[in-house]
Every structure is written in structure tokens, then in C-alpha cells.
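Observations on the model geometry
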Amino acid sequence: MAARGCGGVWCRVLQRGPGGSCSASRPRRAVACNARGGAVPLGQSGLAPWAAVVGLEIHAQITSNSKLFSGSQVQFAAPPNSLVSFFDASLPGTLPVLNRRCVEATVMTGLALNCTINKKSLFDRKHYFYADLPAGYQITQQRVPIAVNGSLSYSLCKDNKMSQMVTKTVRIKQIQLEQDSGKSLHDDARSQTLIDLNRAGVGLMEVVMEPDMCCGEEAAAAVRELQLILQTLGSSQAIMAEGQLRVDANISVHHPGEPYGVRTEVKNINSIRFLAKAVDYEIQRQIKELENGGTVLNETRAFDSKLGCTVPMRDKEGKQDYRFMPEPNLPPLILYDAKSLPANVNHQQVVNIDWIHERLPDLPSVKRAKLVELYGILPEHSFTLVNEDGLMDFFEDVVKQTQMKPKKVIGWILSDLLSHLKQHSLTAKESPISSFLLADLLNLLENGDISSSAAKQQWAEMLDGLRAERAIYTQRQMKCSTWSGGERIAVVETDPTRSASRVDGVFEELWKGEGKTPLEIVKEKQLELIQDQEELEQICQAVIDEREKEVMAIKGGNEKVINKLIGLVRKATRGRANPLLVKQILEKKLSE
């Protein structure tokens, strides 16, 4: 069974430096939890152990062409205030019209998260006053949301070992439909704030997770799994760099057996990596505050990614301050299933829960299980394939086109392709080496046309070609930085120490699109295995003649030294010699 709470994972966190500043130095102690979710003693100070409690509120932007209650278009990075209807601007006399697509996407998400779908849900007004909220209230679902009582299972590494995956479950309290606010743009140079209402009224799903997590690593893993589910369903693109997935973390600490402590909320975290850091820092900050005799305030905080710490924003507002009231301009939202669906009803005018349920795609957990069953790969390998954008499809395309066994293919995908794609900030979908070309290369290796070292050499040349191409591209782009997942990635620069022959490698030939196959390039660069045994025997004899010391050691009973001779032969042939055949030839000649 899946367990709630931390699973034997030590969570390192930052400590607050003198004078309230943030320190990135090694923390005095770490927060840890055992496999059952309980706390364990911290450090050697003899203090009672602490238990951390983490709950999340996640706002996911619904993938829809128009906003939740108006016909305004939804588009990222549009000119400011260019996508604002009269309703979005809250002009008098305008009324909301509910977007059917947003309702269906929320129902689909609720079903995927094992929620109970309420056939009757209600809309409410949540009052608060910000310049980017023209109406002075947000339309949400406080009393009766569209989905309740769900669960999300996720996996994470135990002790940072991919081979030791721990599965956990977090309860989903509810999923509610609500509208987004506008965006405030602060101009510190001119001491003014500008308002962009393009985002005002965009449909959101708020996923409220119960406080079943206890460290930043768990929170990050849960959000990543939710992100994958949303992207698989198509209910949200969930691109955090574009603000389509924003996380609020509620954090408190307490001694086991005592009531939960006062919680703080860290708002608007837009990166999974920053989420883990923010949660871990806030846990340690609260522990230190309490151990020094202070109190934890019920406040809203923000995570400063540059300093690596949380900073106060404002005191928490109580529920009564929001003055929730029923939304008078929207009737109850009525959903149907197969049993309650009225006869002779126009199916375009109702939302059928069962119809949506039947069309749910395979979720990430199902995909991982199928990969293990179908290809015999390890569970941790299936985890990586599904979690990396486009990598599973790339892997399956290669397997379909190559004679190599999937267990061997996965090594090339994870050890070679993925590592270099990450190095160059690319996804599998952006890989300059197509699945067809990689499969062709692996077929050459499997058929014995080239050795593994030659294949590696060809792969290295491909990657050097990629480095050269990306360097040219970044120079053309004035060395502008790229953004990935809300985090800045450095541009690729040229390395003047690299030889021209490697830059002009196989990959560059493929990149030019001249129609050359890997086999043609292998022959052109003379990377094919030497098939002439007489030629191999001559090379082996030359190595034996030059290495009298090693030959004497082998004849004296040290058979391991023969591996050195094999390496010398392969070096002389630039990796084009079959090591098994070379070993047979050497053993025969040494026994003469």
C-alpha cells in the first residue's frame, strides 16, 4: 500500500543567518521523517523531535481558447490589455457566461485524481480589493466545489537512489473552478505599478491537497506528478514558466503528539525546484524560531529565489474578511451521469460525467507499468521515460525501428541521449538526432558492422556537431539566455580547444540534411569493423612484438595482462576491432 508522509528521505534545508538575512551555508541540522511519516530526533542537542506538515494549493490554468466567463481569447505574452472584454473589466451590466470547456476539463481532472464529482456545485464571490481585480471580488467555488475527496499517488527516490523508489499518496480535499486575476507590473524605477488585465478572468482549477507531506522533496514530487497528469489529460499545459501552474505551500511544525503549529503560506511559487527549496527553508526557519523562544506568525510569505529564503508579505486574512457570498448571476452547475441524463436531451448542452470518464487517456502511472511489462525495463527507467517530455515516445519509436533489445536501447536513451539533451537544454522533441537515425545507428552496432566504441565515437561527433550548431545559433541571437521551467539556463559557447575534425563530425553531416545515412557516414569515416582476419593478425603480432614485458607476464601466469594487449590492438584500429576476435587471435599467438 502507498503510505502518506515522508519515506526515509533526509531533507536538507537552509537556516536563517544573523539579523534576519538568509544564509545558504550548511544547516545546523536537517528535518527527517521515517517511513511511516513520523518524526525522528534531530541533531545531537537532546531537543524533542519536530514533525513538519505541508499542504499545497495549486492553481492550474485550464487549456481553453476563451476565458471562464467571457469570450475573450486566452494567449500568453499578448500585448498588455489587448484581450479584455467588458465583463473582464467589470463594466456595469455585464454578466458571466460559463465556459463549457473549462467545466469538462475540471471534471476530467477530478476523475483522474480519484475524486467524487458533485452533480450540483455552486459559485461564490470571494471579496478582496487589489488593483488587478476590477470587480473587487473573485468568482470561485467555496461552499460546494465541482470535485472532492480524491487522492494522488506519486513516487520519489529514497536516499537519492533511483533504484529505491518510494510510492506515497496525498489526499485531495477538493478541486474548484475559479477565475484568475489580472497582473500587477511593478516599475521600481518610476515608483509606479501598471496593470495588465489580459489574464483577468482566465479559467483556473484550484487543486487543494491535504497536509500529508512533510518536506520539500515530497511536495515537489507531488506537484510534478500532478503536472504530468494535467499535461496527459490536456486539461492544462501546466507550463510553470508561463504562470500556468502556480503553487501556494502551507507549512507548519509541531512536536509529535501535539496539535499542529501555526502555519505560514508561501505564495506563488512558479518552479518545482524553488518549491522544494522554499518548503525546506520555511520548515527550518520555524523550528529555529520556536527553539529560540519566539512564535510563528500566521502570515503570507514569498520565496526569494536569489537569496534562497522566504520573506514576509502580509498577515493572513481570516475567512470572514473575504465575505463569501453566493454568486447571484450564476445558477447552480448541474452535471449528469448515464443514469441521471434526461431523455431526449441535447448532448451539446449538458456535461456527462460518464462520457468523460470513458475517454480518459492512460495516466502516467499506467504508462510506467506498461513500459515495464512490455519492454522488461526497470521501474526507475520507466519513471524517467515518462517524466521527461517526449522521451517515452522517442524510446518506443527507436525500439520499433531497431533490432536491438529494449534493455540495451534504454541505456543509449538514458545514458547518452538524455544526458546530452539536458546539457544543451533540449527536450526529446527537440532532439536534432531523430529516432530513425538513432535506430539506424543501433542496427549497425547490433549487426556487428561497427563496434560499440566506434558507435560512441560517432555519437560524440554528433554531439560536437550539436555544440557547434548551437554556438552559431546563440551568436546570432546575441547570446540571449533561454528559459526552462522558470529557471535561467546559460547559453552554449564554443570551445576553441576542440579540433576541426571533430566539429566536422557525423552529426554535422546529418544536420545538413544531405540525405546521408549513418552507414554511409561510417564508411566515409572508416568506422566499420575490420572483417579481414589476416589484417587483424598482423596488427596483433605487431603489438606482441612491441610488448615483451606484457608477453612475459602472460606466459608467467598473469592472464589479466592480456586485456592490456587487447586495448592496444583496439587503439591501433581506432576501435574497429572485435574484442572477442582479438582475444582469440592473441591467445592463439601467445600459446605458440
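Residues numbered from 1 in each chain as written. Predicted model: local features only at pLDDT ≥ 70, side-chain atom pairs only at ≥ 80, totals over all residues. Heavy atoms only, no water.

The name recorded for the chain in an unreviewed UniProt entry is Glutamyl-tRNA(Gln) amidotransferase subunit B, mitochondrial, from Meleagris gallopavo. One UniProt comment on the chain, placed under Subcellular location (unreviewed entry), says "Mitochondrion". According to the UniProt record, the Subunit (unreviewed entry) comment for the chain reads "Subunit of the heterotrimeric GatCAB amidotransferase (AdT) complex, composed of A (QRSL1), B (GATB) and C (GATC) subunits." (UniProt positions renumbered as here; feature names shortened; annotations may be inferred.)

Here we look at the environment of I172
Looking at the element boundaries, I172 is found in strand β11 (residues 161–179). Along the primary structure I172 and S151 are separated by 21 residues, whereas in three dimensions their C-alpha atoms are 4.9 Å apart. Once you skip the residues sitting within four places of it in the chain, I172 turns out to touch C115, V148, N149, G150, S151, L152, V207, V208 and M209. (Helix = DSSP H or I, 4+ residues; strand = E, 2+ residues; numbered from the N terminus. Contact = heavy atoms within 4.5 Å.)

Topic: the side chain of Q138
For Q138, the location among the structural elements is in strand β9 (residues 137–140). With relative accessibility at 8%, the residue Q138 sits in the buried group. At 2.7 Å, the side chain of Q138 forms a polar contact with the backbone oxygen of Q179. Each residue touching Q138, except ones within four places of it in the same chain, is listed here: D124, R125, K126, Y128, L133, E178 and Q179. (Buried < 20%, exposed > 50% of the residue type's maximum accessible area, 1.4 Å probe, protein only. Polar contact = N/O pair within 3.5 Å; in protein donor to acceptor, adjacent residues only side chain to side chain.)

Re helix α10 (residues 435–446)
An α-helical segment advances 3.6 residues per turn. Residues three or four places apart therefore align on the same side. Between its first and last C-alpha, α10 extends 16 Å over 12 residues, near the 16 Å set by a 1.5 Å rise per residue. Burial of α10 is extensive: 10 of the 12 residues sit out of reach of the surface. What α10 keeps buried is the set S435, L437, L438, A439, D440, L441, L442, N443, L444 and L445. (Expected span 1.5 Å × (residues − 1).)

Section: the sheet that holds β9
Ordered by their spatial adjacency, 3 strands build an open sheet running β9-β8-β19, and the pairing between neighbours is antiparallel. The open sheet terminates on both sides in strands that have one partner only, identified here as β9 and β19 (325–326). (Pairing = 2+ DSSP bridges.)

A look at the packing of aromatic side chains
Under the definition given, this model contains 7 aromatic pairs. With centroids separated by 5.9 Å and ring planes inclined at 80°, the aromatic side chains of F69 and F123 adopt a geometry described as edge-to-face. Note that F69 is positioned in the loop between β5 (51–61) and α1 (100–112) and F123 in the loop between β7 (120–121) and β8 (124–127), a separation of 54 residues in sequence. According to the relative accessible area criterion, F123 is buried, its value standing at 3%. On the numbers, 5.3 Å between centres and 70° between planes, the contact of Y128 with Y130 is edge-to-face. Assessed through its relative accessible area of 38%, Y130 is described here as partly exposed. What links up through ring pairs into an aromatic cluster is the set Y128, Y130, Y322 and F324. A cation sits over an aromatic face here: K126 above Y322, 4.4 Å from the ring centre. (Phe/Tyr/Trp six-rings, centres within 6.5 Å; stacked < 30°, edge-to-face > 60°. Lys NZ or Arg CZ within 6 Å of the ring centre and 35° of its normal.)

What to know about the confidence of the model for the chain
The predicted structure's coordinates, where accompanied by low pLDDT, should not be read in detail. Mean pLDDT over the chain stands at 82; residues scoring 70 or higher make up 79%. Low pLDDT, under 50, characterises residues 1–20; the stretch is placed with 80 contacts to residues that sit more than four places away or in other chains. Below pLDDT 50 for its whole length, residues 472–508 participates in 58 contacts with residues either more than four positions away or in separate chains. (pLDDT = per-residue confidence, 0-100.)

Section: the packing of helix α8 (residues 391–401) against helix α9 (residues 406–423)
Between α8 and α9, the shortest axis-to-axis distance is 10 Å and the interhelical angle comes to 135°. It follows from the interaxial angle that α8 and α9 lie oblique. Like other packed secondary-structure pairs, α8 and α9 cross with a definite hand, here right-handed. Contacts between α8 and α9 involve L391, F394, F395, V398 and V399 from the former and P406, V409, I410, I413, L414, L417 and L418 from the latter. (Axes fitted to C-alpha atoms, helices over the stretch in contact; angles between N-to-C directions. Parallel < 35°, antiparallel > 145°, perpendicular 65-115°, else oblique. Left-handed = near helix turned anticlockwise from the far one by under 90°.)

A closer look at the pattern of salt bridges
One pass over the structure, following the stated rule, counts 21 salt bridges. Note that E282 is salt-bridged to R285, the shortest N-O span being 2.6 Å. Here the residue E282 and the residue R285 both occupy positions in helix α3 (residues 272–291), the gap between them amounting to 3 residues, near one helical turn. For the pair formed by E282 and R285, the shared burial category is buried. Among the ionic pairs, E358 bridges to R359, the shortest N-O distance being 3.5 Å. Each member of the salt-bridge network shares a partner with another, and the members are E282, R285, E299 and R301. (Salt bridge = Lys/Arg side-chain N within 4 Å of Asp/Glu carboxyl O.)

Here's the deal with the pairing of strand β15 (residues 245–254)
With 10 of 10 residues buried, β15 lies mostly within the body of the structure. Burial of the side chains of β15 extends over both faces: L245, V247, A249, I251 and V253 are buried on one face and R246, D248, N250, S252 and H254 on the other. In this structure, β5 lies alongside β15, joined through 10 bridges in antiparallel fashion. Residue V54 lies in a different strand from β15, and its bridge partner there is I251. Bridging between β15 and strand β16 (residues 264–269) involves 4 bridges; their strand directions are antiparallel. Paired with I251 across the strands is T264, a residue of β16.

Remarks on the pairing of β16
Where β16 meets strand β17 (residues 299–304), 3 bridges bridge the pair, whose relative direction is parallel. Opposite K267, over in β17, you have A302 as the bridge partner. For the handedness criterion, the β-α-β arrangement of β16, α3 and β17 is classed as left-handed. (Right-handed = clockwise from strand over helix to strand, strands pointing away.)

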